[in-house]
Amino acid sequence: MEQHLLNIYCDPYFYFHQHVELSDFMVVTAWNPRSLPQSNRENAENNQRLLAEINHTDCYRVSVGNADFSWWEESYAVDIQLAEALFLGNRFDQNAIYRVEGEELFLVTCLNGQHVHLGGWRRRCVKHFSEEQK
């Protein structure tokens, strides 16, 4: 993965559209495969296919973006194992996924499974978000 993308991925912020009742979970998306911008329609269709594959009751909608949400992607927080999350990430041509273990957040690269510890995940949650910010 290119260094500038890794730098961006290592500074995520999260807006959970509902309360998450999981202590360990993965954050996956199908938006913008290989970090190449797609139309909103294409991204929505990709995420619908991802959601169909997840087919899980413990799945929560989450928007992941930069600090001011001038860039963001629709994602899902889901109770699945790392191997399945990496499989989905690779299937949908993603560069990375996020892993939450207790209070800790990790970026995990899809190509080689490299983990980057990002600290506490809750400090990266925002309380307000508007999809028009994009």
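Residues numbered from 1 in each chain as written. Predicted model: local features only at pLDDT ≥ 70, side-chain atom pairs only at ≥ 80, totals over all residues. Heavy atoms only, no water.

Looking at an unreviewed UniProt entry, one finds the chain named DUF3293 domain-containing protein, with Vibrio caribbeanicus ATCC BAA-2122 as its source organism.

Draft legend 1. Inspection of the packing of helix H2 (residues 40–54) against helix H3 (residues 82–91) at higher detail. Interhelical geometry of H2 versus H3 gives an angle of 150 degrees and a closest axis separation of 11 Å. Of the possible angle classes, the one that applies to H2 and H3 is roughly antiparallel. For the crossing formed where H2 meets H3, the hand is right-handed. Only Phe87, Leu88 and Arg91 of H3 make contact with H2, whose side of the interface consists of Leu50, Glu53 and Ile54. Tallied by class, residues from the contact of H2 with H3 come to four nonpolar, no polar and two charged. (Axes fitted to C-alpha atoms, helices over the stretch in contact; angles between N-to-C directions. Helix = DSSP H or I, 4+ residues; strand = E, 2+ residues; numbered from the N terminus. Parallel < 35°, antiparallel > 145°, perpendicular 65-115°, else oblique. Left-handed = near helix turned anticlockwise from the far one by under 90°. Contact = heavy atoms within 4.5 Å. Nonpolar A, V, L, I, M, F, W, Y, C, P; charged D, E, K, R; others polar.)

Draft legend 2. Geometry of the pattern of salt bridges. All told, the structure shown has seven salt bridges when counted by the stated rule. Linking aspartate 11 and arginine 124 is a salt bridge whose minimum nitrogen-to-oxygen distance equals 3.0 Å. Of this pair, aspartate 11 sits in the loop between helix H1 (3–9) and strand E1 (13–16) while arginine 124 sits in the segment after strand E7 (115–120), and the two are 113 residues apart along the sequence. Under the relative-accessibility criterion, aspartate 11 is labelled partly exposed at 35%. A residue is classified by how much of its surface remains accessible, and arginine 124, at 5% relative accessible area, is buried. Glutamate 74 is the salt-bridge partner of arginine 61, the closest N and O atoms lying 2.8 Å from each other. In this pair, arginine 61 sits in strand E3 (residues 59–65) while glutamate 74 sits in strand E4 (residues 72–78), placing the two residues 13 residues apart along the sequence. (Salt bridge = Lys/Arg side-chain N within 4 Å of Asp/Glu carboxyl O. Buried < 20%, exposed > 50% of the residue type's maximum accessible area, 1.4 Å probe, protein only.)

Draft legend 3. Just empty space enclosed by the protein, in detail. Considering all chains together, one arrives at one cavity of 30 Å³ or more under this definition. When its volume is computed, the largest cavity comes out at roughly 210 Å³. Forming the walls of the largest cavity are 17 residues, and the residues nearest its centre are Thr29, Glu73, Gln94, Ala96 and Tyr98. Elements with a minimum of two residues in the lining of the largest cavity: strand E2 (24–28), E4 and strand E5 (96–101). Among the elements that line the lining of the largest cavity, the one with the most residues is E5, at three residues. Taken together, the residues of the lining of the largest cavity sort by class into ten nonpolar, six polar and one charged. (1 Å grid on protein atoms, 1.4 Å probe; cavity = no way out; pocket = protein on both sides within 12 Å on 5 of 7 lines; lining within 4 Å. Points joined across faces, edges and corners; volume = space filled by probe spheres on them.)

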